[in-house]
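# Observations on the three-dimensional arrangement
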Amino acid sequence: MTKIATRDAYGDALVILGKKRKDVVVLDADLSGSTKTGKFAKAFPERFFNIGIAEQDMIGTAAGLSIAGKLPFASTFAVFATGRAWEQVRQSVCYPNLNVKIVASHAGITVGEDGGSHQSVEDIALMRVLPNMTVIVPADGPETLQAIEAVAELKGPCYVRVGRNKVPTLFGDDYAFKIGKAHVFSTGRDAAIIATGLMVAEALSARDILKHEGIDAGVINMSTIKPIDAAAIIAAAKHCGAIVTAEEHSIMGGLGGAVAEVLAESAPVPLVRIGVKDTFGTSGDQEGLLKHYGMSADDISSAVKEVLRKKK
Amino acid sequence: MAVTEDQLKALKEKARKVRIDILKMLTDCGSGHTGGSLSSADIATALYFYKMKYDAKKPDWEGRDHFILSKGHAAPLLYTVLAHAGFIERAELCTLRKLGSRLQGHPDSKYLPGVEISTGSLGQGLSVANGIALGRKLDSATNRVYALLGDGELQEGQVWEAAMTAAHYKLDNLCALVDNNGLQIDGPVSKVMGVEPITDKWRAFGWEVIDVDGHDMAQLTAALDKAETVKGKPTMIVCRTVKGKGSKVFEGKVEFHGTTPSKEEYETALKELAEETLCK
């Protein structure tokens, strides 16, 4: 199985986009080597602006570039792009509804060794609550490539969350990403696991574990968190009667929160949310951290069994 | 090209009318920012009726100069100059802050053509101006970018991030102005959180700095002319102003930062503003 970090795919996508469109400009806040915008900087130095360690200024500058007719992509770590600069994203991007793309890397706990200060487990919630904002969390390299192409075509603010570590490639050439459309790997019979980002791979592993125990769990990749594919959630709830969500984020306000909102209003069925449970992260490696926070494939399979017990 | 005596006379007359309209709309509305709208009135008049290129019938005209009102609470001033410049009807000024109005409490670019970007949360406008200036430079375009900041606003850290960026990228197509009226909501700026020496700070950040009397039309127009000739760095025009300028009712009074005149105060101010032109 090939593996590529979604941030690497982002860097490649920018170069492809930069060749196609002369209006694409890229900003970074002194992390271009890590966010992989450095690839674009090397290919198109005149269209790359390093703003230094000044995320608030970077977001405002991106807003100005969009007013001047450019298509700006602004990148830094997720914790800074959505935390440090949240009010700039609100006031200077979403409120005036400008065509600014914020692509943040090193999201979630799998930043790993850097520890809790750098592990963004709130970013999806912070971006999702903003009017006009589209929120996308690609699951692998190919989906990231397509997502970047798609947000370039969409007029308006977009937040795309990418990760530091290599993740298994799940999608082939036949996959067609569409903003706002979930991808159903399998419908399942007993329960559906709705996952996002690198947790999609964990969910697929959980499905295999459960299969050995005679449990048929479906897996849905919810790469667009906003606008959420409510129809896919409702269909899964009606078909399986039980839902598990899995995300590398707080269980509050992100995918789990969004799915809970849809279920509560439109298709109330038992739900168990896998993710970070109202706590900050800590240093460690990816595998150790996923286990520590109860987010491994084993934990997801346990969650499916738990939700099945709640199911009448 | 220097300003002519006739132009100066016309600009002063325009500023007087702008002040009267600001007071009228604020008095009618009953809420809004009086002091900072009046202190910036001559600055905005010089920009819109002397220096800036725009097409009021085509607010998105590619060749336009850009104006960012970073001190967004001076919205009544912006709306008034936009009305006098022909972007909107003067009658629309009466809708200030009303439900459904395009004239929001703070400028909103979603609704009102001629407003480059929504502002109101202080400290953000200079970064946006930088972005426009960078974008225009990339296209080798000649549009100029103007941003008006308050002196209290300089307390926001983002302003200084943007100050570095503008100098770093040598944005000589950018001219910022500070309305240095010395007052903010909680009192004198020097007491709340001192920002002086303003000119030294911007100079140290790598900007060309011009210090002017922000109510002297000859000095304002000369500074705007000079800013266009500066190469390799951005220009900051520090405008010494009086908060509430135009009537003794408001001048230097901190309580008029965010409050509006009563009917009587409006009438008194109107008399003073009328007399001013009769005398000069």
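Remember, predicted model here, so these are calculated numbers, not experimental data. (Residues numbered from 1 in each chain as written. Chains lettered and ligands numbered in written order. Predicted model: local features only at pLDDT ≥ 70, side-chain atom pairs only at ≥ 80, totals over all residues.)

Before going further, it helps to spend a moment on the overall build of chain B. From N to C terminus, chain B includes 10 helices and 7 strands. Since a compact globule built from 280 residues should have a radius of gyration of about 19 Å, the 17 Å found for chain B is in line with a globular shape. Overall, chain B is about 50 × 45 × 40 Å in size when its C-alpha atoms are taken along their principal axes. Of the contacts made within chain B by residues no fewer than 6 positions apart, 75% connect residues no fewer than 24 positions apart. (Helix = DSSP H or I, 4+ residues; strand = E, 2+ residues; numbered from the N terminus. Rg over C-alpha atoms; globule rule 2.2 N^0.38 Å. Contact = placed C-beta atoms within 7 Å.)

Now for the overall build of chain A. Looking only at helices and strands, chain A features 13 helices and 14 strands. Relative to the 2.2 N^0.38 estimate, which gives 20 Å for 312 residues, the radius of gyration of chain A is 19 Å and therefore close to what a compact globule would have. Its C-alpha atoms give chain A principal-axis dimensions of roughly 60 × 35 × 35 Å. Within chain A, the fraction of its 312 residues that count as buried is 62%. Taking the intrachain contacts of chain A between residues at least 6 apart in sequence as the baseline, contacts between residues at least 24 apart amount to 80%. (Buried ≥ 20, exposed ≤ 12 C-beta atoms within 10 Å, placed from the backbone.)

Now for the pairing of strand β2 (residues 145–150) of chain B. Two faces belong to every sheet, and in a regular strand the side chains alternate between them. Residues and elements named next belong to chain B. Burial within β2 is extensive, with 6 of its 6 residues counted as buried. Alternating positions in β2 separate into two faces, V145, A147 and L149 on one and Y146, L148 and G150 on the other, with burial throughout. Direction of pairing for strand β1 (residues 66–69) relative to β2: parallel, over a ladder of 4 bridges. Opposite L69, over in β2, you have L148 as the bridge partner. Taken together, the 6 bridges between β2 and strand β3 (residues 174–180) define a ladder with parallel strand orientation. Bridge assignment links A147 to a residue of β3, and that residue is A176. Remark: the β2/helix α6 (residues 157–168)/β3 crossover connection has right-handed handedness. (Pairing = 2+ DSSP bridges. Right-handed = clockwise from strand over helix to strand, strands pointing away.)

The next thing to look at is the sheet that holds strand β10 (residues 191–195) of chain A. Strand pairs in the sheet, formed through backbone hydrogen bonds, run parallel or antiparallel to each other. All names here are of chain A. Read from one edge to the other, the open sheet built from 5 strands follows the order β9-β11-β10-β13-β14, with strand pairing classed as mixed. The open sheet terminates on both sides in strands that have one partner only, identified here as β9 (183–188) and β14 (271–276). Put simply, the sheet's adjacent strands are angled 20 degrees from each other on average, direction ignored. The sheet contact formed by β10 and strand β11 (residues 217–221) spans 5 bridges and is parallel. Pairing of I194 across the sheet is with I220, part of β11. Most of the contacts of helix α10 (residues 230–240) go to β10, to which it runs at about 155 degrees, and overall it touches β9, β10, β11 and β13 (243–250). (Axes fitted to C-alpha atoms, helices over the stretch in contact; angles between N-to-C directions.)

Counting residues at the interface gives 22 residues for chain B and 24 residues for chain A. Of all the elements in the fold, those that place two or more residues in the side of chain B that touches chain A are α5 (125–138) and α6 of chain B. With 10 residues, α5 of chain B is the largest single contributor of residues to the side of chain B that touches chain A. Along the lines of polarity and charge, the residues of the side of chain B that touches chain A split into 8 nonpolar, 10 polar and 4 charged. (Nonpolar A, V, L, I, M, F, W, Y, C, P; charged D, E, K, R; others polar.)

Moving on: the nonpolar core. All names here are of chain A. Counting residues in each nonpolar core, the largest one holds 190 residues, and the members touching the most others are I193, I194, I243 and V244. When residues of this core are sorted by domain, at least three fall in each of domain 1 (3–168) and domain 2 (183–310). What I193 contacts, discounting residues up to four positions off in sequence, is A203, A206, R207, A217, G218, V219, V244, A246, I300 and V304. (Core = buried A, V, L, I, M, F, W, Y, C linked by C-beta atoms within 7 Å. Domains from an automatic or database assignment.)

Let us now look at the sheet that holds β1 of chain B. Residue and element names in this part refer to chain B. The parallel open sheet is built from 5 strands, whose spatial order is β1-β2-β3-β7-β6. At either margin of the open sheet sits one strand with a lone partner, and together these are β1 and β6 (208–213). If you compare each strand with its neighbour and ignore which way they point, the axes differ by 20 degrees on average. Bridge count between β6 and strand β7 (residues 235–240): 6 bridges; the pairing is parallel.

Further remarks concern the packing of α5 of chain B against α6 of chain B. Residue and element names in this part refer to chain B. For the pair α5 and α6, the least separation of the axes is 8 Å and the interaxial angle reads 20 degrees. Between α5 and α6, the angle falls in the class roughly parallel. Here α5 runs over α6; the crossing is left-handed. Across the interface between the two elements, L126, S127 and N130 from α5 touch Q158, V159, A162, T165 and A166 from α6. (Parallel < 35°, antiparallel > 145°, perpendicular 65-115°, else oblique. Left-handed = near helix turned anticlockwise from the far one by under 90°.)

Moving on, we get to the environment of G206 of chain B. Residues and elements named next belong to chain B. By the secondary structure assignment, G206 is in the loop between α8 (198–204) and β6. On the basis of neighbour count, G206 is assigned to the partly exposed category, with 15 C-beta atoms found within 10 Å. A sequence separation of 127 residues divides G206 from Y79, and the C-alpha atoms of the two residues are 33 Å apart. If near-sequence neighbours (up to four positions away) are discounted, G206 is found in contact with A167 and K233.

Let us now look at the confidence of the model for chain B. The predicted model of chain B has a mean per-residue pLDDT of 96, with 98% of residues at 70 or higher. The ipTM assigned to the predicted complex is 0.96, against a pTM of 0.97. (pLDDT = per-residue confidence, 0-100.)

What follows is about the pairing of β14 of chain A. Residues and elements named next belong to chain A. Of all 6 residues in β14, 5 are buried, a share of seventy percent or more. As judged from the 5 bridges shared by β13 and β14, these two strands associate in the parallel manner. If you follow A246 over to β14, its bridge partner there is I274. Taken together, β13, helix α11 (residues 255–266) and β14 form a β-α-β motif whose crossover is right-handed.

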